[in-house]
Amino acid sequence: MIEFTLNDLAAIIEARSRADAASSYTKSLLDGGPARAAKKLGEEAVELVIAALQGDRDAIVSESADLLYHLLVVLHQSGAPLAEVLAELERRTAQSGHEEKAARHKNSP
Ligand SMILES: N=c1c2ncn([C@@H]3O[C@H](COP(=O)(O)OP(=O)(O)OP(=O)(O)O)[C@@H](O)[C@H]3O)c2ncn1[C@@H]1O[C@H](COP(=O)(O)O)[C@@H](O)[C@H]1O
């Protein structure tokens, strides 16, 4: 079985950033500038929230895919590679979310 990962999708987005906007949704989104891509990301997030509130499992899967795709477009556009996000997530595995939050509150004035 071929395992498809977010790294594969990020590589597709990178390749499509050099495509013709007429043939590539990714390129047309990137050409729209950071505000358009960020707005689409926000829209997809809201659509996922609605699906989650409705408990619509199929919509949750579909909207999650839309959200992840648009997140990767925004990361590409921002010059913030997926590898850095994954490294940050990996760093966080060293402690629980409760511990991280407690440490943040202890250090804040
Ligand atoms: N995974 C995706 C993907 N997920 C969602 N979308 C697009 O994201 C858009 C979602 O926007 P909406 O649901 O709001 O629909 P819409 O009203 O048509 O969107 P807008 O006109 O408002 O932008 C749709 O046009 C979807 O086709 C995606 N477009 C591309 N990909 C991947 O990117 C690859 C390259 O695509 P192109 O750049 O188009 O060649 C594809 O082969 C896929 O692997």
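Residues numbered from 1 in each chain as written. Predicted model: local features only at pLDDT ≥ 70, side-chain atom pairs only at ≥ 80, totals over all residues.

Asks: If you had to explain the overall build of the protein to someone new, which residues and values would you point to?
Replies: Secondary structure summary: the protein contains six helices and zero strands in total. The secondary structure elements of the protein, listed N-terminal to C-terminal, are α-α-α-α-α-α. Against the compact-globule benchmark of 13 Å for 109 residues, the protein has a radius of gyration of 17 Å, which places it well outside the compact range. C-alpha extents for the protein along the principal axes are approximately 50 × 40 × 35 Å. Across the 109 residues of the protein, 13% fall into the buried class. Within the protein, contacts between residues at least 6 apart in sequence are counted, and of these 44% link residues at least 24 apart. (Helix = DSSP H or I, 4+ residues; strand = E, 2+ residues; numbered from the N terminus. Rg over C-alpha atoms; globule rule 2.2 N^0.38 Å. Buried ≥ 20, exposed ≤ 12 C-beta atoms within 10 Å, placed from the backbone. Contact = placed C-beta atoms within 7 Å.)

Asks: Help me get a handle on the site of the ligand, residues and values and all.
Replies: As a matter of local geometry, the ligand sits amid Ile12, Arg16, Ser24, Tyr25, Thr26, Lys27, Lys40, Ala65, Asp66 and Tyr69. Contributing elements (two or more residues each) for the shell around the ligand: helix 1 (6-16), helix 2 (25-31) and helix 4 (57-78). For the shell around the ligand, a count of residues per class yields four nonpolar, two polar and four charged. (Near = placed C-beta within 6 Å. Nonpolar A, V, L, I, M, F, W, Y, C, P; charged D, E, K, R; others polar.)

Asks: With reference to specific residues and values, describe the packing of helix 1 against helix 4.
Replies: Relative to each other, helix 1 and helix 4 sit at 55°, their axes nearing to 10 Å. Here helix 1 lies oblique to helix 4, going by the angle between them. With respect to the hand of their crossing, helix 1 and helix 4 are arranged in right-handed fashion. Where helix 1 approaches helix 4, its residues Leu6, Leu9, Ala10, Ile13 and Glu14 are matched on the opposing element by Leu68, Tyr69, Leu72, Val73 and His76. Across the contact of helix 1 with helix 4, the residue classes break down as eight nonpolar, one polar and one charged. (Axes fitted to C-alpha atoms, helices over the stretch in contact; angles between N-to-C directions. Parallel < 35°, antiparallel > 145°, perpendicular 65-115°, else oblique. Left-handed = near helix turned anticlockwise from the far one by under 90°.)

Asks: Break down the nonpolar core for me, citing the residues and quoting the values.
Replies: Counting residues in hydrophobic clusters, the biggest one holds seven residues: Ile13, Leu29, Leu30, Ala37, Leu72, Val73 and Leu75. Secondary-structure elements contributing two or more residues to this core are helix 2 and helix 4. (Core = buried A, V, L, I, M, F, W, Y, C linked by C-beta atoms within 7 Å.)

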